[in-house]
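Close look at the chain arrangement
If you want the building blocks of each chain, they are given just below.
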Amino acid sequence: MNDAGRHPCAIEAIDVRKYFDRGIVHALDGVALSVERGEFVAITGPSGSGKSTLLHLLAALDTPTSGTIRVDGEDLDRIKDLNRFRRTHIGLVFQLHNLLPHLDVAKNVQIPMFGTHRSHRERTERADVLLAEVDLEGKGRRLPTELSGGERQRVAIARALANDPSVVLADEPTGSLDSASVERVLGLFRRLRAETGMTLVMVTHDRDVARTADRIVEIRDGRVAADTSSSAA
Ligand code: ADP
Ligand code: MG
């Protein structure tokens, strides 16, 4: 596992800036954020405020213009094999599930396990366990198009969990779901957090969704404008 317990913070961002278009666009303009292990933080803020940019940087999908980001105590700047680090430490869930349409559900769940030491058999068994975990037992042979939107998002969550990440980053994971599916996905995250102790950072526009988090961080113009414990916490 990932040295659980050794580092107090799951995520640390220190004065993170991200500029685009030769410095004209300041998507992030000095963000400081630390997230404890096991914490559930909702990130809110108006469209264009920098939420997705921040999540991408935390996921090591892009690098900051300046500043420091640590995940599980590791400085992303110093990690040689970022793909490997991401695969083993971070689970990603996006608004649109990004499942590969020509692969069945079980294969989609296995994607992060390719390129790890797991054998074919271990991958297959793990995919079954994960699908059961998200209440999709027996649906592994279906194609993504044969599932509802809510079910597809649950497949994406199962996929994100494939390698037991300590940190799960989700960008508007409930953004295109009906309200019953939103409840189901939130319930699933709640259960998974209780079971695995994972850290969850979720970008959401939805106030009701944000209120289910321990903490709400509001981003405005590329900075943290408010950081409050949720009343529901
Ligand atoms: P949010 O997710 O809060 O809606 P984003 O993080 O996507 O906001 O975007 C923040 C700002 O950065 C916006 O002004 C957006 O246009 C700009 N931006 C994001 N990604 C890029 C990019 N790859 N190139 C240029 N500008 C970008
Ligand atoms: Mg966004």
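Use the structure listed above.
Please read these numbers as outputs of a predicted model, since none were measured by experiment. (Residues numbered from 1 in each chain as written. Chains lettered and ligands numbered in written order. Predicted model: local features only at pLDDT ≥ 70, side-chain atom pairs only at ≥ 80, totals over all residues. Heavy atoms only, no water.)

Moving on, we get to the overall build of the chain. Scanning the chain for helices and strands turns up seven helices and 10 strands. Over its C-alpha trace the chain gives a radius of gyration of 17 Å, about what one expects of a compact globule, namely 17 Å for 233 residues. In terms of its C-alpha atoms, the chain occupies a principal-axis envelope of roughly 45 × 40 × 35 Å. Of all 233 residues assigned to the chain, the portion counted as buried reaches 47%. Sequence-distant contacts in the chain: of pairs separated by 6 or more residues, those separated by 24 or more amount to 69%. Accessible area of the chain: about 11500 Å², with a carbon and sulfur share of 47%. (Helix = DSSP H or I, 4+ residues; strand = E, 2+ residues; numbered from the N terminus. Rg over C-alpha atoms; globule rule 2.2 N^0.38 Å. Buried < 20%, exposed > 50% of the residue type's maximum accessible area, 1.4 Å probe, protein only. Contact = heavy atoms within 4.5 Å. Areas by Shrake-Rupley, 256 points an atom, 1.4 Å probe, with all protein chains shown as cover.)

Turning our eyes to something else, we now look at unusual backbone geometry. Of all residues except glycine, most have a negative phi; of all peptide bonds, most are trans. You will see that Arg22, though not glycine, has its phi angle at about 55 degrees, which is positive. Looking at the element boundaries, Arg22 is found in the loop between strand E1 (9-20) and strand E2 (25-36). The exposure class assigned to Arg22 is exposed, which follows from its relative accessible area of 85%. Even without being glycine, Ala60 reaches a positive phi, approximately 60 degrees. Within the secondary structure, Ala60 is located in the loop between helix H1 (51-58) and strand E4 (66-71).

It is worth spelling out the site of ligand 1 at this point. Around ligand 1, the structure places Phe20, Asp21, Val25, Ala27, Pro46, Ser47, Gly48, Ser49, Gly50, Lys51, Ser52 and Thr53. At a separation of 2.7 Å, an oxygen atom of ligand 1 approaches a polar backbone atom of Gly48. At a separation of 3.1 Å, an oxygen atom of ligand 1 approaches a polar backbone atom of Gly50. Of all the secondary-structure elements, those providing two or more residues to the shell around ligand 1 are E2 and H1. By residue class, the composition of the shell around ligand 1 is four nonpolar, six polar and two charged. (Near = heavy atom within 4 Å. Polar contact = N/O pair within 3.5 Å; in protein donor to acceptor, adjacent residues only side chain to side chain. Nonpolar A, V, L, I, M, F, W, Y, C, P; charged D, E, K, R; others polar.)

The subject of this paragraph is the sheet that holds strand E6 (residues 90-93). Hydrogen bonds along the backbone pair up the strands of a sheet, which may run parallel or antiparallel. Spatial strand order, E6-E7-E8-E3-E9-E10: six strands in an open sheet with mixed pairing. The open sheet has two edge strands with one neighbour each: E6 and strand E10 (223-229). On average, adjacent strands in this sheet sit at an angle of 15 degrees to one another, irrespective of strand direction. Where strand E3 (residues 40-44) lies against strand E9 (residues 215-220), four bridges are found, and the strand directions are parallel. Bridging from a neighbouring strand, Ala42 pairs with Ile216 of E9. Contacting E3, strand E7 (167-171) and strand E8 (199-203), helix H6 (residues 179-196) runs over the sheet at an angle of about 155 degrees to E8. (Pairing = 2+ DSSP bridges. Axes fitted to C-alpha atoms, helices over the stretch in contact; angles between N-to-C directions.)

The next thing to look at is H1. Note: α-helices contain 3.6 residues per turn, so residues at a spacing of three or four share the same orientation. With six of eight residues buried, H1 lies mostly within the body of the structure. Of all the residues in H1, the buried ones are Lys51, Thr53, Leu54, Leu55, Leu57 and Leu58. Just beyond H1, the residue with positive phi is Ala60, at close to 60 degrees.

Spatial strand order, E2-E1-E4-E5: four strands in an open sheet with antiparallel pairing. The strands lining the two open edges of the sheet, one partner per strand, are E2 and strand E5 (74-75). Two elements, E4 and E5, share two bridges in a ladder whose sense is antiparallel. Its bridge partner being in E5, Val71 is matched across the sheet by Glu74. In this fold H1 packs onto E1, E2 and E4, with an angle of close to 60 degrees to the strand it touches most, E2.

Both E1 and E2 contribute to a ladder of nine bridges, which runs antiparallel. Of the residues in E2, the one forming a bridge with Arg17 is Asp29. Hairpin connection between E1 and E2: a loop of four residues separates the two successive antiparallel strands, and Asp21 in this loop has a positive phi of roughly 50 degrees.

As for its position among the elements, Asp15 is in strand E1. By relative accessible area, Asp15 is classed as partly exposed at 38%. Not counting chain neighbours up to four residues away, the residues in contact with Asp15 comprise Gly30, Val31, Ala32, Ser66 and Gly67.

With respect to the helices and strands, the residue Arg126 is situated in helix H4 (residues 120-133). At a separation of 3.1 Å, a polar atom in the side chain of Arg126 contacts the main-chain carbonyl oxygen of Leu161. The residues touching Arg126, leaving out its near neighbours within four places in the chain, are Met113, Arg118, Leu161, Ala162 and Asp164.

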